[in-house]
Amino acid sequence: MHTSPDARWDVIVVGAGAGGMSTAIFAARSGARVLVIDAAPEEGGALHLATGQLSAAGTRLQRAKGIGDTPEEHLADIVRISKDTADRELVWLAVSNAATTIDWLLDDLGMPVLPEHPVRGQNHEHYSQDRYYWGPDLGRSILAAVRRPFRELIDNGVISARFGTEVVRLVQDPAAGGGRVTGVATAAGEEFLGTNVVLATGGYNADPALFQEFNGVPAYADASYRFAKGAGHKLGVAAGGYTRNHDKYLCSFGSVLDSQQIPAPVLCRPVHWPEMRMPWELYVNVEGRRFVAEDEPSVDVREHALLAQTDLRRYIVFDERILREAPPMIPGWSAGDIRSRAGDHPMFHVADDLATLAKAAGIDAGNLVATVEEYNANLDGDDPLGRVFRPLPVAEGPFYAIRVQGMSITSTAGLAVDGDLRVIRPDGTAVPGLYALGELLGSAAFMGNAFCGGMLATPAMTFGRLLGTGILTW
Ligand SMILES: Cc1cc2nc3c(=O)[nH]c(=O)nc-3n(C[C@H](O)[C@H](O)[C@H](O)COP(=O)(O)OP(=O)(O)OC[C@H]3O[C@@H](n4cnc5c(N)ncnc54)[C@H](O)[C@@H]3O)c2cc1C
């Protein structure tokens, strides 16, 4: 790679994920001398793992399908879903420029999306319009598309890139412009100097201590990109910036982990969306009590209900008849698969009676017995939690309990920036020369204390384009 520590770069991009690659591509095309540095052996970041759901209003694909949609409606949906807890300025910057990003990906870079797309939603609270897109290969569909121009620019010597190189410090000149950031230093002791430094280092989910500190809950799941260790958060804070939105953590409605360890890999993800499969089972907390109507249509309501439970944990409780008669609950798993793990895997429990089941699973036994008795007795009347779909009692042994862990795969808190993506100090002034984008800004900036579909990957690339085509100067 053509990197010279002595050169002065127009733009130094730290991190080559969705945000960093986009910044580098657009800045280089605008004539900047760009250096990209990434700790990983290759580009892509979280796109290697991500579902890659994107969202944008006013795209060419929407228009071709006759869908009238506007950024104003996208913003309104995010305000509605997040109960106005997101950062309106950053959300507007993202959604009012998102269509151009999607058009670039789909039309200019040829990224394929599924034929029925855009759609209204999946996994997260639905938008009011069909503005949700993803490719057949999920996050890797985005990676394949963006990597092509990124690699071409590297191969042609227009972008210089260093992989396997960790940035550990920002070079700051206290004399010049209030602590202007003038470069970066690597773990190997090299320094690279530049006019603009863009932090695009992603989240912090792969650092359990930082996860606990920022979110106030343990990092239960090991499901994030392994280089997402919060480097940009630390670098930005050391340069005078600060992190925000620590109070907006939200967990998903949960996955089954493969062990009791913290963090543990995800084993499987039971379907809990009533629109995909109505729940035949009960959901109880560690105390053995139901805490939400299992067929509650709002995933946001279900997630916030789980967030309030001990250890963000719920148990799916059912009996042999439900296992036999209900449609599969875990994608790709038969009833036999569940039976064979029950009693044999730390998250799958089985017993001939509910009290024994509760003891094996770590649930309050007296309460679980009472909860199931109450549920069965009420089947012909109103459910106390308002559940409507109640096809069978939980009555025929053996009884089962599957432990499900509320968790998160993205980072909630983030480095504070202003509307020009400049890293800011607590007093609101910018750290000169330092910019940030992508998941480093935190999901809460774009979604508040909720999950809004496509509002991490799309803003990451959108902000990269905005930085490279106008915000940055050199
Ligand atoms: C399983 C999963 C599913 C997801 N699904 C979706 C989805 O459907 N829709 C959506 O919008 N978002 C989704 N996301 C989130 C989304 O993919 C990410 O937020 C987005 O890709 C992040 O891009 P980024 O460029 O900000 O950071 P990253 O992709 O994390 O890239 C950061 C880069 O910085 C590098 N780096 C880190 N530290 C250093 C350092 N000290 N020095 C040099 N380099 C460093 C890393 O190696 C990495 O390459 C998902 C994430 C996961 C894990």
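Summarised in this report is the structure supplied together with it. (Residues numbered from 1 in each chain as written. Predicted model: local features only at pLDDT ≥ 70, side-chain atom pairs only at ≥ 80, totals over all residues. Heavy atoms only, no water.)

### Quick notes on the site of the ligand
Phase 1: Inspection of the region around the ligand gives 37 residues, with D38, A46, Q53, E439 and A457 positioned closest.
Phase 2: At 3.2 Å, a backbone N or O of A18 approaches an oxygen atom of the ligand.
Phase 3: The contact in question runs from a nitrogen atom of the ligand to an N or O atom on the backbone of T51, over 3.2 Å.
Phase 4: When the free accessible area of the ligand is taken as 1,000 Å², the share hidden by the protein chains comes to 95%.
Phase 5: Counted by class, the shell around the ligand contains 20 nonpolar, 14 polar and 3 charged residues. (Near = heavy atom within 4 Å. Polar contact = N/O pair within 3.5 Å; in protein donor to acceptor, adjacent residues only side chain to side chain. Areas by Shrake-Rupley, 256 points an atom, 1.4 Å probe, with all protein chains shown as cover. Nonpolar A, V, L, I, M, F, W, Y, C, P; charged D, E, K, R; others polar.)

### Here's the deal with the environment of V299
Phase 1: Locating V299 in the fold gives a position in helix α9 (residues 299-307).
Phase 2: Residues V299 and H126 lie 173 residues apart in sequence; the distance between their C-alpha atoms is 9.2 Å. (Helix = DSSP H or I, 4+ residues; strand = E, 2+ residues; numbered from the N terminus.)

### Some thoughts on the pairing of strand β18 (residues 430-436)
Phase 1: Taking burial as the measure, the 7 residues of β18 include 7 buried ones, the bulk of the element.
Phase 2: Sheet topology note: the strand β8 (residues 191-199)/β18 ladder contains 3 bridges and is parallel. Along β18, the bridge assignment pairs V198 with Y435. (Buried < 20%, exposed > 50% of the residue type's maximum accessible area, 1.4 Å probe, protein only. Pairing = 2+ DSSP bridges.)

### Overview of the pairing of strand β15 (residues 399-405)
Phase 1: Within β15, 7 of the 7 residues are buried, which leaves it mostly tucked inside the rest of the structure.
Phase 2: Across 7 bridges, the pairing between strand β13 (residues 313-319) and β15 is antiparallel. When the sheet's bridge partners are listed, R314 is paired in β15 with V404.
Phase 3: When strand β14 (residues 348-351) meets β15, the two strands line up antiparallel, connected through 4 bridges. Each residue of the ladder has a partner; that of A351, found in β15, is F399.

### Topic: the packing of helix α3 (residues 71-81) against helix α4 (residues 88-95)
Phase 1: With their axes 9 Å apart at the nearest point, α3 and α4 run at an angle of 140° to one another. One way to sum up the angle between α3 and α4 is to call them oblique. The way α3 lies across α4 gives a crossing that is right-handed. Facing P71, E72, H74, L75, I78 and V79 of α3, the residues of α4 in contact are R88, V91, W92 and V95.
Phase 2: A breakdown of the residues in the contact of α3 with α4 according to their chemical character gives 7 nonpolar, 1 polar and 2 charged. (Axes fitted to C-alpha atoms, helices over the stretch in contact; angles between N-to-C directions. Parallel < 35°, antiparallel > 145°, perpendicular 65-115°, else oblique. Left-handed = near helix turned anticlockwise from the far one by under 90°. Contact = heavy atoms within 4.5 Å.)

### Comments concerning the pattern of salt bridges
Phase 1: Taken as a whole and assessed by the stated rule, the structure comprises 24 salt bridges.
Phase 2: Close ionic contact of D77 with R131 constitutes a salt bridge, the shortest N to O distance being 2.7 Å. With D77 in helix α3 and R131 in the loop between α5 (98-108) and β4 (132-133), this pair connects stretches of sequence that are 54 residues apart.
Phase 3: By relative accessible area, D77 is classed as buried at 4%.
Phase 4: Salt-bridge contacts for R290 lead to D383; the nearest nitrogen and oxygen are separated by 2.8 Å. Linking R290 in the loop between β12 (282-284) and α9 with D383 in the loop between α13 (365-377) and β15, this pair joins segments that are 93 residues apart in sequence. For the pair R290 and D383, a shared accessibility class is recorded, and that class is buried.
Phase 5: Members of the salt-bridge network, linked through shared partners, are E42, E43, R147 and R151. (Salt bridge = Lys/Arg side-chain N within 4 Å of Asp/Glu carboxyl O.)

What is shown is where atoms sit, not what they do.
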